[in-house]
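Fold and geometry: a report
As a plain string of letters, each chain reads:
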Amino acid sequence: MTLIDEGDDPYRWLEQLDAEPAAAWVRERNAATVAALTGDDAFVAAQAEIRQVLDADDRIPYPGWRGDGFYYGFWRDAAHPRGLWRRTTLAEYRRPEPAWDVLLDLDALAAAEDENWVWGGVTVLRPGHRRCLVSLSRGGKDAVVVREYDLDTRSFVPDGFTLAEAKSDVTWIDVDRIYVGTDLGPGSLTVSGYPRVIRRWRRGTPLGAAEIVYEGQAEDVSAYASHDPTPGYERDFVGRSLDFYRTRSFLLTPDGDRIPVPVPEDAQWDVHRQWLVIRLRTPWEVAGVTHPAGALLVARFDDFLAGGRDLTVLFEPDERTALSYHVWTRNHLILATLVDVRRRLEVLTPDGSGWRRTPLAGVSADDDTWIVDTDPDLGDDYLIASTGYLRPPTLRLGRVGGPVETLKREPAFFDTTGLTVRQFFATSADGTRVPYTVVGPPTASAGPTLLTGYGGFEISLTPHYDGVIGRGWLARGGSYVVANIRGGGEYGPRWHRAALRENRPRAYEDFAAVAADLVARGITTAPQLGVEGGSNGGLLMGAMLTRCPTLVGAVVANVPLLDMRRYHLLLAGASWTAEYGDPDDPDDWAFLREYSPYHNVRAGVTYPPVLFVTSTRDDRVHPGHARKMAALLAEHGHDVSYYENVEGGHGAASNNEQRAFLSALTLRFLWRRLGGR
């Protein structure tokens, strides 16, 4: 018998975000968790070690280009917990300790304005690069305040472009005009809470009087506008995201006409100078040829818009290989693919007879390598980084067809002696081979093991160096495992679709198969196996808890979705119905009901210990999910720990101090529940 029925939810009052009864419940649960897991010397030491990793001065300060030749970056450390937005020159960046030009000190700004500002990003005007639109979040929420900033005077522009707190969409047109989608009252937002109406706003005029250039529908996810300022290729686009995967887009002419961009609605596309690149999610028949899902195609944009269908295939997937992403330099296209979750990079160059392919210089054969940034405005340089589970990152500067220079190496944060990285394949319930990677001792040792996964939204989990996991888990003798289950993008759209909507349980079966395979190989035992995931991965953890309680010894769910009957009514949840299904549709609710963790807690079942971590200020996944699940389990006597950070947004933490605390809390919970020494 399940403890929650569709029409009977005794804990719905916990969805009232700041109401005193709910706030009091949170304080009580937080206090109990803090008392049980923190306060002793071991916890204080673990938290301090993690903080050292997060604040280390010799971390790589990853930069980005903004089209003006400077290296820009955002940086947090012990002296600047909120962070600095800063820039430097290449000559300075090459030095062991570059001299940085600080553009905005968020700690000083927060103190001066008595606001809990968290960096939300920046959009720099191109060309010119003298003005920018800075996004500031209160406590780490997705909703931001937008302010215009002058890079010459290092100050916000008096009477400049400013937007109140909202999930806004803004982009520059020129120094005196921007496209804006924001909250202007009833009718301006979609049911998902994102902009529905796009305006062209001219400096010095009221926003409410700005010209409306495009409107989506209330049921859409959002509407958008963009401007490409590339000299000779200036273009404006508008469109609407019909759901999480389908977009209807138009070229906006100077006369205000909207010319459809005739690509499949579920395809991803971008325009670079004369080229249109199309990435397919489903098969597409065009000019008598059917191109498979996961293919990458290119055409000349103007010819394609005029009706031409001369498409060149740049990539087609196979059973082991999928497209990861692509990125442009000025004259070249860099293609990143995944082969059994191992990244490969190559350069494609258009010439008179087609597209020439060459390997990209600077790619590490042993590590995962990714493009940090390119600057298509200036040329063919690229920043490239390589890392592995046991190897700290290295950052290099390359030029297509030219030399590659090592710029920075990150220090090691933990001793890797005696540790190896091994890839295995588990067999899921339907016979599918599911890859996973084990980091730990080279031989079976049946010790505490932490397994993580995600399995949604076509997001791939690739190798990366994690000093926190290294110090807090691997260095203590634990093994760390990453499962590449269906729902992700490790094998392209087919891997994602295999766990979409009614097929979602395939992801849970994959994860359970990995858990069982770890035990079968002698790497761990069920009582010593902990699982952890966040957001959609938190839903995965809820499913593991309720579907497979005997397979694992402890569960950690971070900012999780858990109530699949009401997720679409809470915050941004309506935007994910294409991924999960619509609970208001009886046919969809029939399959959602089968796995919704909140609706599958049953009487008479023993569940493994679980820790829920969330944030009051998460305005993407409502903390009510975690609150209600924790209350339900606790009410029936299960081992439940709960911690809700008052700020932090969807990341649950807004600074390194909070991240260190939450990481230490999680690892302490797992280590104790899994019998670690």
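Structure first, text after, so check above.
Heads up: these notes are all about the structure in this document.

Within a sheet, adjacent strands bond to each other through the backbone by hydrogen bonds, running parallel or antiparallel. Read across the sheet, eight strands follow the order β32-β33-β35-β34-β36-β37-β38-β39 without closing on themselves; strand pairing throughout is mixed. What marks the edges here is a single partner per strand, and that holds for β32 (420-427) and β39 (640-645). The average angle at which neighbouring strand axes cross in this sheet is 20°, direction not considered. Note: strand β34 (residues 449-452) against strand β35 (residues 479-483), four bridges, orientation parallel. Bridging from a neighbouring strand, threonine 449 pairs with serine 479 of β35. Its contacts with the sheet place helix α12 (residues 624-635) against β38 (610-615) and β39, and it is angled at close to 155° to β39.

Before going further, it helps to examine the packing of aromatic side chains. Under the counting rule described, the total for this entry stands at 28 aromatic pairs. Ring centres of phenylalanine 70 and tyrosine 72 lie 6.4 Å apart, and the angle between their planes is 80°; on these two criteria the pair is classed as edge-to-face. Ring centres 5.4 Å apart and planes at 65° place the aromatic pair tyrosine 508 and tyrosine 595 in the edge-to-face group. Taken together, the positions of tyrosine 508 in helix α8 (residues 505-520) and tyrosine 595 in helix α11 (residues 586-595) put the pair 87 residues apart, joining distant regions of the chain.

Now for the pattern of salt bridges. It is possible for side chains bearing opposite charge to pair when their charged atoms get close. In total, this model carries 50 salt bridges according to the counting rule given. A salt bridge links arginine 94 to glutamate 405, with the nearest nitrogen and oxygen atoms 2.6 Å apart. Here glutamate 405 lies in strand β31 (residues 404-409) and arginine 94 lies in the loop between α3 (90-93) and β4 (101-105), a separation of 311 residues in the sequence. We classify glutamate 405 as partly exposed; its relative accessible area is 26%.

Taken across its seven residues, strand β29 (residues 381-387) has six buried, putting it largely inside the fold. The loop that links strand β28 (residues 368-374) with its antiparallel partner β29 comprises six residues. By the bridge criterion, six bridges tie β29 to strand β30 (residues 394-399) in an arrangement that is antiparallel. Considered in β30, the bridge of alanine 385 is made with leucine 395. Linking β29 to β30, which pair antiparallel, is a turn of six residues.

As a further point, take the environment of leucine 633. By the secondary structure assignment, leucine 633 is in helix α12. In the structure, leucine 633 is positioned 32 residues away from valine 601 in sequence and 7.8 Å away in space, judged by C-alpha atoms. Residues within four places of leucine 633 in sequence aside, it is in contact with Leu545, Val601, Tyr607, Val610, Phe612, His638 and Val640.

For an α-helix the count is 3.6 residues per turn, leaving residues at separations of three or four pointing the same way. The end-to-end C-alpha distance of helix α9 (residues 536-547) is 16 Å, a good match for the 16 Å that 12 residues give at a rise of 1.5 Å each. Burial analysis of α9 places 11 of its 12 residues in the buried class, the great majority of the element. What α9 keeps buried is the set Asn536, Gly537, Gly538, Leu539, Leu540, Met541, Gly542, Ala543, Met544, Leu545 and Thr546.

Residues Leu451, Tyr580 and Phe612 are the most contacted members of the largest nonpolar core, which totals 67 residues. In terms of residues, this core owes the most to one element, α8, which gives eight residues. Beyond its immediate chain neighbours, meaning those up to four positions away, leucine 451 contacts Val481, Ala483, Phe511, Val514, Ala515, Leu518, Leu529, Gly530, Val531 and Glu532.

With that settled, the discussion passes to the packing of α8 against α9. One can describe the packing of α8 onto α9 by two numbers: an axis separation of 10 Å at closest approach and a directional angle of 70°. On the basis of the axis angle, α8 is roughly perpendicular to α9. Here α8 and α9 pass one another in a crossing that is right-handed. Seen from α8, the contacting residues are Pro505, Ala507, Tyr508, Glu509, Phe511 and Ala512; seen from α9, they are Leu539, Leu540, Met541, Ala543, Met544 and Arg547.

Turning to the environment of glutamate 113, a few remarks are in order. The topology assignment puts glutamate 113 in helix α4 (residues 106-113). Here the alpha-carbon distance between glutamate 113 and threonine 427, two residues 314 residues apart in the chain, equals 56 Å.

Conventions used here
Residues numbered from 1 in each chain as written. Predicted model: local features only at pLDDT ≥ 70, side-chain atom pairs only at ≥ 80, totals over all residues. Heavy atoms only, no water. Pairing = 2+ DSSP bridges. Helix = DSSP H or I, 4+ residues; strand = E, 2+ residues; numbered from the N terminus. Axes fitted to C-alpha atoms, helices over the stretch in contact; angles between N-to-C directions. Contact = heavy atoms within 4.5 Å. Phe/Tyr/Trp six-rings, centres within 6.5 Å; stacked < 30°, edge-to-face > 60°. Salt bridge = Lys/Arg side-chain N within 4 Å of Asp/Glu carboxyl O. Buried < 20%, exposed > 50% of the residue type's maximum accessible area, 1.4 Å probe, protein only. Expected span 1.5 Å × (residues − 1). Core = buried A, V, L, I, M, F, W, Y, C linked by side-chain atoms within 4.5 Å. Parallel < 35°, antiparallel > 145°, perpendicular 65-115°, else oblique. Left-handed = near helix turned anticlockwise from the far one by under 90°.

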